[in-house]
Amino acid sequence: MSAVTDRLPTFPWDKLEPYKATAAAHPDGIVDLSVGTPVDPVPELIQKALVAAADSPGYPTVWGTPELRDALTGWVERRLGARDMTHHHVLPIVGSKELVAWLPTQLGLGPGDKVAFPRLAYPTYEVGARLARADHVAYDDPMDLDPTDLKLLWLNSPSNPTGRVLSAAELTRIVAWAREHDILVFADECYIELGWEADPVSVLHPDVCGGSYEGIVSVHSLSKRSNLAGYRAAFLAGDPAVLGDLLQIRKHGGMMTSAPTQAAVIAALSDDTHVREQRERYAARRTALRDALLQHGFRIEHSEASLYLWATRDESCWTTVAHLADLGILVAPGDFYGPAGDNFVRVALTATDERVNAAVARLQR
């Protein structure tokens, strides 16, 4: 096992434990704004769908039920503006982190192949490359990369951690460049329904992809938009040739979404009301935290979408983490997401209204 674990970086969240202990010692308790885990209830219609499918003694299929595939294609067309989606254009997955971590391996990448991801990025993109023994490279603009041996290009819009949104023009330019060099594009769009000061666009939109899904796949999750992080519910949409190969590989690996979860996803994607209500909760928390951070001397960069505020006091991120921990507030240090985040912290909007109000009060003292 050491041969595998030696490929991996230190698990970043372990470094935060001493600061978590400091924050937890606050007389009024900790306000945990570090890990972006949902805290609001799972909508009732989704819970009911899960319970109704609880008597599922047989094995589910990796591709999902026809009803699930109908729900996936319908949502992609309705919400993302994609056209002519068929069942071959979608594939359910067991949470998006699993896919990110194992995608290079499932694509058959290895030594000499390169995986590229944004300079500030979710750490699991790099982990996935390391697990496959592939090379990895971080970018500011992907078109500045040397395309030689570059096999997988990760996009992330809206970004985790910065909340930056790539415009339709930027996405169009990148997709065209990747196709020119025969580079597979995977676009992590898990926060696409959480745009605040920008309207995020999918790589599947015809204005971006020209109506062809060749060489592009988008990744979507129900964790944040429907509070289903505990259900492990996500899916892919895009190039049917790529998804067909992944389907066969994942069949051999038994990577199937549970039958009750498949039923829950159908319910979640068929209803927009709960998404709108959850957006309103996050919008209110975002406004309160943003105003309080600005008043406390922070500067906010990007953050036009997603569930995070990318904040700085122009000092070491760990100095900021320690300062906020003394106030009983736990945030994520920016260097978790790459050296370019050394002077930033990521502040999650995923805390109850009561805890957000507590953080606001402490920041205003």
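Before reading further, recall that the structure is shown in the block above.
About the cut-offs
Residues numbered from 1 in each chain as written. Predicted model: local features only at pLDDT ≥ 70, side-chain atom pairs only at ≥ 80, totals over all residues. Heavy atoms only, no water. Core = buried A, V, L, I, M, F, W, Y, C linked by side-chain atoms within 4.5 Å. Buried < 20%, exposed > 50% of the residue type's maximum accessible area, 1.4 Å probe, protein only. Contact = heavy atoms within 4.5 Å. Pairing = 2+ DSSP bridges. Helix = DSSP H or I, 4+ residues; strand = E, 2+ residues; numbered from the N terminus. Axes fitted to C-alpha atoms, helices over the stretch in contact; angles between N-to-C directions.

With that settled, the discussion passes to the nonpolar core. Judged by nonpolar contacts, the single largest core of 68 residues is most densely connected at L33, W154, F186 and L236. Not counting the four nearest positions on each side in its chain, L236 is found in contact with H89, V90, L91, I93, L99, F186, V217, S218, V219, L243 and L246.

Okay, the sheet that holds strand β5 (residues 150-156) next. Sheet architecture is open: seven strands sit in the order β2-β8-β7-β6-β5-β3-β4, paired in mixed fashion. Among the strands making up the open sheet, the edge pair consists of β2 (90-93) and β4 (135-139). The sheet shows a mean angle of 20 degrees between the axes of neighbouring strands, taken without regard to direction. The strands touched by helix α9 (residues 240-253) within the sheet are β2, β6 (184-188), β7 (216-221) and β8 (234-238), with β2 carrying the most contacts at an inclination of about 35 degrees.

Quick look at unusual backbone geometry now. S157 connects to P158 through a cis peptide bond whose omega is -5 degrees. Tracing the sequence through the fold places P158 in the loop between β5 and α7 (168-180). Cis geometry is found at the peptide bond from N160 to P161, where omega equals 25 degrees. Tracing the backbone shows P161 in the loop between β5 and α7. Here H302, not a glycine, exhibits a phi torsion of approximately 50 degrees, which is positive. The residue H302 is located in the loop between β9 (299-301) and β10 (308-312) in this model.

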